[in-house]
Amino acid sequence: MLFEHKNEELFTLNRSDAEQPLSSYALFSFELDGAEWPSVEHYYQAMKFEDEVHREKIRQASSAEEAAKLGKSRKPKRRKDWKKTSTVVMTRGTYIKCRTHPDIAEQLLDTGELRIAELSGYDYFWGSGRDMRGKNNFGKVLMGVRDKLRSEREQGA
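Please read all numbers here as calculations on a predicted model, not as lab measurements.

Caption draft 1: Expanded view of the packing of helix H2 (residues 52–59) against helix H3 (residues 64–71). The interhelical angle for the contact between H2 and H3, taken along N-to-C directions, is 155°, at an axis separation of 8 Å. Our classification of the angle between H2 and H3 gives roughly antiparallel. Judged by residue contacts, His-54, Lys-57 and Ile-58 of H2 engage Ala-67, Leu-70 and Gly-71 from H3. A per-class count over the contact of H2 with H3 returns three nonpolar, two polar and one charged.

Here is the structure:
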């Protein structure tokens, strides 16, 4: 069915909405891999490259939008394993952001069991696309992090 989720209650967001704390563009810093990252988007975009100078340029970008722009560069070349590791990188950054900022973790946990959908009319990988038939990988990342946080809470971590 084309719109199989039509009547399903969803928690929706846009990954590039810097005002939404769960967004990868939201400026909530965290430390990971030996550096302080201004946003998940900065971390994600920098990890596309092995070139340390380019990574640092992305890390120091003035905004997540600027980091994303620098991350779209084809010079230097992207990591050879990027297609296989991109979702893992996004998950790590999102999880560490939530662990660093308990209020954001709470917001994510407060979504309960709702399916989370990243609304992007053009992104069929991270988002659900204009027809909700995209892969919605960012929504899946958030739901996976939510499950991990919930499990840790139940185990008293």
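Caption draft 2: The arrangement of the nonpolar core in detail. Counting 33 residues, the largest nonpolar core has Trp-37, Leu-108 and Leu-149 as the members making the most contacts within it. Broken down by secondary-structure element, the contributors of at least two residues to this core are strand S2 (30–32), strand S3 (35–37), helix H1 (40–46), H3, helix H4 (82–100), helix H5 (102–109) and helix H6 (137–154). Setting aside chain neighbours within four positions, we find Leu-149 in contact with Tyr-95, Cys-98, Arg-99, Ala-105, Leu-108 and Leu-109.

Caption draft 3: Looking closely at the packing of aromatic side chains. Taken as a whole and assessed by the stated rule, the structure comprises five aromatic pairs. The interplanar angle of 55° and the centroid separation of 5.1 Å between the aromatic rings of Tyr-44 and Trp-82 together place this pair among those described as tilted. Pair noted here: Tyr-44 is in helix H1 and Trp-82 is in helix H4, with a separation of 38 residues, a long-range link. A residue is classified by how much of its surface remains accessible, and Tyr-44, at 6% relative accessible area, is buried. Judged by centre distance (5.5 Å) and plane angle (85°), the rings of Tyr-44 and Trp-126 are edge-to-face.

Caption draft 4: Focus on H3. Burial in H3 covers these residues: Ala-64, Ala-67, Ala-68, Leu-70 and Gly-71. Each buried residue of H3 lies within a common arc of 165° when the element is viewed along its axis, so the set occupies one face. Elements that come into contact with the buried residues of H3 comprise H1 and H2.

Caption draft 5: Here's a closer look at the pairing of strand S4 (residues 115–118). Of the two faces of S4, the one holding Arg-115 and Ala-117 and the one holding Ile-116 and Glu-118 are both buried throughout. Of the strand pairs in this sheet, strand S1 (residues 10–13) and S4 are connected by four bridges, and their pairing is parallel. Looking across to S4, one finds that Thr-12 is bridged to Ala-117.

Caption draft 6: View of the packing of H4 against H6. Between H4 and H6, the shortest axis-to-axis distance is 10 Å and the interhelical angle comes to 45°. When the axes of H4 and H6 are compared, the pair comes out oblique. Seen from above, H4 lies across H6 with right-handed handedness. Counting all contacts with H4, which are made through Thr-87, Met-90, Thr-91, Thr-94, Tyr-95, Cys-98 and Arg-99, the residues of H6 involved are Phe-138, Val-141, Leu-142, Val-145, Lys-148, Leu-149 and Glu-152. Among the residues forming the contact of H4 with H6, the class breakdown is eight nonpolar, three polar and three charged.

Caption draft 7: Here's a closer look at unusual backbone geometry. With an omega of 0°, the peptide bond running from Lys-75 to Pro-76 counts as cis. Within the element layout of this structure, Pro-76 appears in the loop between H3 and H4. For Asp-33, which is not glycine, the phi dihedral falls at a positive 55°. Here Asp-33 shows up in the loop between S2 and S3. Backbone geometry at Met-132 places phi at a positive 65°, although glycine is not the residue there. Its place among the elements puts Met-132 in the loop between S4 and H6. Given a relative accessible area of 23%, Met-132 falls into the partly exposed group.

Definitions and cut-offs
Counting from 1, residues in each chain are numbered in the order their sequence is written. In keeping with the predicted nature of the model, local features appear solely for residues at pLDDT of at least 70, side-chain atom pairs appear and are counted solely at 80 or more, and the whole-chain, interface and lining totals rest on all residues. As a rule here, side-chain values cover all heavy atoms of the structure and leave hydrogens and water aside. Angles run from 0 to 180 degrees between N-to-C directions of axes, and those axes are lines fitted to C-alpha atoms, restricted for helices to the stretch in contact. The helix and strand labels rest on DSSP assignments: H or I over at least four residues marks a helix, E over at least two residues marks a strand, and numbering proceeds from the N terminus. Comment on the angle field: the value is read as roughly parallel under 35 degrees, roughly antiparallel over 145, roughly perpendicular from 65 to 115, and oblique elsewhere. Any pair of residues with heavy atoms lying within 4.5 Å of one another is described as a contacting pair. Side-chain classes follow a simple rule in which Ala, Val, Leu, Ile, Met, Phe, Trp, Tyr, Cys and Pro form the nonpolar group, Asp, Glu, Lys and Arg form the charged group, and the remainder, Gly included, forms the polar group. Buried Ala, Val, Leu, Ile, Met, Phe, Trp, Tyr and Cys residues form a nonpolar core when they are joined through side-chain atoms within 4.5 Å. Remark: exposure states derive from per-residue accessible area (1.4 Å probe, protein chains only) relative to the maximum for the residue type, with buried under 20%, exposed over 50%, and partly exposed in between. Pairing of aromatic rings covers Phe, Tyr and the six-membered ring of Trp, with a centre-to-centre limit of 6.5 Å; geometry is then stacked below 30 degrees between planes, edge-to-face above 60, and tilted otherwise. Taken from the helix axis, the directions to the C-beta atoms give the arc we talk about. Any two strands with at least two DSSP-identified bridges between them are counted as paired. Crossing handedness follows the turn of the near helix against the far one: under a right angle anticlockwise gives a left-handed crossing, and clockwise gives a right-handed one.

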